[in-house]
Amino acid sequence: AGPGPGGYCAVGPTFPQGSTVTVTETVPAGVQVSNITVAPDSQLAGTPDLAGGSVDVTIGSGITEVTFTDKRTGYLEVCKRKTWKGGPGTFTFTIAPGNQVITIPAGSCSPAIEVPAGPVTITEHSTPGSQLTGCSVLAGGPQISCQLGPQISTVNVNPGDVSNQTIAVLTNGPAHDVVIDDSVDGSLSRE
């Protein structure tokens, strides 16, 4: 393992030319193998097993290099509550990183969404007649921040599968007009 793009290399043992060798990564918890490459590619014997983190290679003359690329992801479910009858029936969000756009009916939750583990930002698109009034997390990583004005909830997504997902709940209430008395004669204006 090591920093991208290439990580660190380690020199393995020597094998007889023409032999087939299985190279297996010990995959850390919360990490999935997303790609395995063999150079030169003519030394690849079969299809890489991403789920098992292994690949078979045929040993040739010179060096055969195997590169494992891992990803650390988790799952996020976004739920939408609203505190009044009427108003909008669906709400739209952008999930970042990744800028996935999802739409959820009021009172429902999204399917589990695979996202990079760590801080994830859920930005609610503006919906006429509605405003964000609260954010919470039912399961998984903690709530990092809840910004009501810009309608942004930031949560921590734990690495792992759906059984370890983070469930974020965004609650909306009706938007209220602000009444401003900016006249000399006492008439009111709405903004």
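Residues numbered from 1 in each chain as written. Predicted model: local features only at pLDDT ≥ 70, side-chain atom pairs only at ≥ 80, totals over all residues. Heavy atoms only, no water.

(A) Geometry of the sheet that holds strand E12 (residues 152-157). Here we have 5 strands laid out as an open sheet, ordered E7-E6-E9-E12-E11, and antiparallel in their pairing. The outermost strands of the open sheet, each flanked by one partner alone, are strand E7 (100-105) and strand E11 (143-147). Taking each pair of neighbouring strands and ignoring which way they run, the sheet shows an average axis angle of 25°. Summarising the sheet, strand E6 (residues 90-96) and strand E9 (residues 118-124) pair through 4 bridges and their orientation is antiparallel. Within the sheet, the bridge partner assigned to Thr-94 lies in E9 and is Thr-123. (Pairing = 2+ DSSP bridges. Helix = DSSP H or I, 4+ residues; strand = E, 2+ residues; numbered from the N terminus. Axes fitted to C-alpha atoms, helices over the stretch in contact; angles between N-to-C directions.)

(B) Focus on the pattern of salt bridges. Evaluated as defined, the whole model comprises 2 salt bridges. Here Lys-71 ties to Glu-114 by a salt bridge, and the two come within 3.5 Å at their closest N and O atoms. Separated by 43 residues along the polypeptide, Lys-71 in strand E4 (residues 65-71) and Glu-114 in strand E8 (residues 113-116) bring together distant segments of the chain. Put simply, Lys-80 and Glu-124 hold a salt bridge, and the shortest N to O gap is 2.8 Å. One end of the pair, Lys-80, is in strand E5 (residues 73-82); the other, Glu-124, is in strand E9, with 44 residues separating them in the sequence. Per residue, the accessibility class of Lys-80 equals that of Glu-124, and both read buried. (Salt bridge = Lys/Arg side-chain N within 4 Å of Asp/Glu carboxyl O. Buried < 20%, exposed > 50% of the residue type's maximum accessible area, 1.4 Å probe, protein only.)

(C) Local environment of unusual backbone geometry. Here the residue pair Ala-39 and Pro-40 is connected by a cis peptide bond, since its omega of -5° sits within 30 degrees of zero. Relative to the helices and strands, Pro-40 is located in the loop between strand E2 (32-39) and strand E3 (54-58). With an omega dihedral of 10°, the bond running from Ala-96 to Pro-97 counts as a cis peptide bond. Mapped onto the secondary structure, Pro-97 falls in the loop between E6 and E7. In this structure, Asn-99 takes a positive phi of about 50° despite not being glycine. Within the element layout of this structure, Asn-99 appears in the loop between E6 and E7. Asn-99 sits in the exposed class, given a relative accessible area of 56%. Positive phi values are uncommon outside glycine, yet Gln-151 reaches one of about 60°. Among the secondary structure elements, Gln-151 is positioned in the loop between E11 and E12.

(D) Main features of the nonpolar core. Leu-76, Val-78, Phe-93, Ile-95 and Ile-122 are the most contacted members of the largest nonpolar core, which totals 17 residues. Secondary-structure elements contributing two or more residues to this core are E5, E6, E7, E8, E9, strand E10 (130-139), E12 and strand E13 (166-174). If one sorts the elements of this core by residue count, E6 sits on top with 3 residues. The contact partners of Ile-122, leaving out residues within four places of it in the chain, are Leu-76, Val-78, Phe-93, Thr-94, Ile-95, Gln-151, Ile-152, Ser-153, Val-155, Ala-168 and Leu-170. Counting residues in hydrophobic clusters, the runner-up holds 7 residues, among them Val-21, Val-38, Val-57 and Ile-59. (Core = buried A, V, L, I, M, F, W, Y, C linked by side-chain atoms within 4.5 Å. Contact = heavy atoms within 4.5 Å.)

(E) Representation of the environment of Gly-86. For Gly-86, the location among the structural elements is in the loop between E5 and E6. For the pair formed by Gly-86 and Ala-10, sequence separation is 76 residues and the distance between their alpha carbons is 62 Å.

(F) Structural detail: the packing of aromatic side chains. Taken as a whole and judged by the stated rule, the model has 0 aromatic pairs. One cation-aromatic arrangement involves Lys-80 over Phe-91; the distance from NZ or CZ to the ring centre is 4.8 Å. Taking NZ or CZ as reference, Lys-82 lies 5.4 Å from the ring centre of Trp-84, over its face. (Phe/Tyr/Trp six-rings, centres within 6.5 Å; stacked < 30°, edge-to-face > 60°. Lys NZ or Arg CZ within 6 Å of the ring centre and 35° of its normal.)

(G) Representation of the sheet that holds E10 within the structure. The mixed open sheet is built from 4 strands, whose spatial order is E8-E5-E13-E10. Two strands close off the open sheet at either side, each with one partner strand: E8 and E10. Across the sheet, the axes of successive neighbouring strands diverge by a mean angle of 35°, strand direction being ignored. One ladder, built from 7 bridges, connects E5 with E13; its direction is parallel. Looking at the pairing, Cys-79 lines up with Val-169 of E13.

Purely geometric stuff here, so don't read any function into it on its own.
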